[in-house]
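Residue-level structural notes
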Amino acid sequence: MTTTRQASDDEITQAMTVGITFKGAKLKKPADTTKVKTKAKKKTYITGLHGSGSAKKKAEIRQRRANRHKNK
């Protein structure tokens, strides 16, 4: 047998005069997949278009990796 908590007279009076508010769960915001957080994920950095030599080299490495299995 489960026992329930007995409300005091003050709690009952407050519930009758003020009311009881039932709050629902907070809604989760949908994850924004288009948001870019770092420079490394922006298109100009990925493709090496912004002029940095290291970015151009990284873009070349990414391109080779992407094309590695396309010939088969």
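This one's a predicted model, so the numbers in the text were calculated from it and none came from an experiment.

Across its full length, the chain holds three helices and zero strands. Going from N to C terminus, the chain has its helices and strands arranged as α-α-α. A total of 72 residues make up the chain; the buried ones form 4% of that total. A total of about 7,600 Å² of accessible surface is found on the chain, and carbon and sulfur atoms cover 55% of it.

Let us now look at helix α1 (residues 9–17). For α1, a buried count of zero out of nine residues is recorded, marking the element as mostly open to its surroundings. Just past α1, the residue Gly19 takes up positive phi, approximately 105 degrees.

Inspection of the entire model under this criterion finds two salt bridges. A salt bridge links Arg5 to Glu11; its shortest N-O distance comes to 3.2 Å. A relative accessible area of 33% places Glu11 in the partly exposed class. Glu60 is paired through a salt bridge with Arg64; the nearest N and O atoms lie 3.7 Å apart. In this pair, Glu60 and Arg64 are both assigned in helix α3 (residues 53–67), four residues apart and thus about one turn of the helix distant. You can call Arg64 partly exposed: its relative accessible area is 47%.

Next up on the list: the confidence of the model for the chain. Scored by pLDDT, the chain has a mean of 77; 69% of the residues are at 70 or more. By mean pLDDT, the top-scoring element of the chain is α1 (90), and the lowest-scoring one is helix α2 (residues 43–47) (68).

Basis of the calculations
- Residues numbered from 1 in each chain as written.
- Predicted model: local features only at pLDDT ≥ 70, side-chain atom pairs only at ≥ 80, totals over all residues.
- Heavy atoms only, no water.
- Helix = DSSP H or I, 4+ residues; strand = E, 2+ residues; numbered from the N terminus.
- Buried < 20%, exposed > 50% of the residue type's maximum accessible area, 1.4 Å probe, protein only.
- Areas by Shrake-Rupley, 256 points an atom, 1.4 Å probe, with all protein chains shown as cover.
- Salt bridge = Lys/Arg side-chain N within 4 Å of Asp/Glu carboxyl O.
- pLDDT = per-residue confidence, 0-100.

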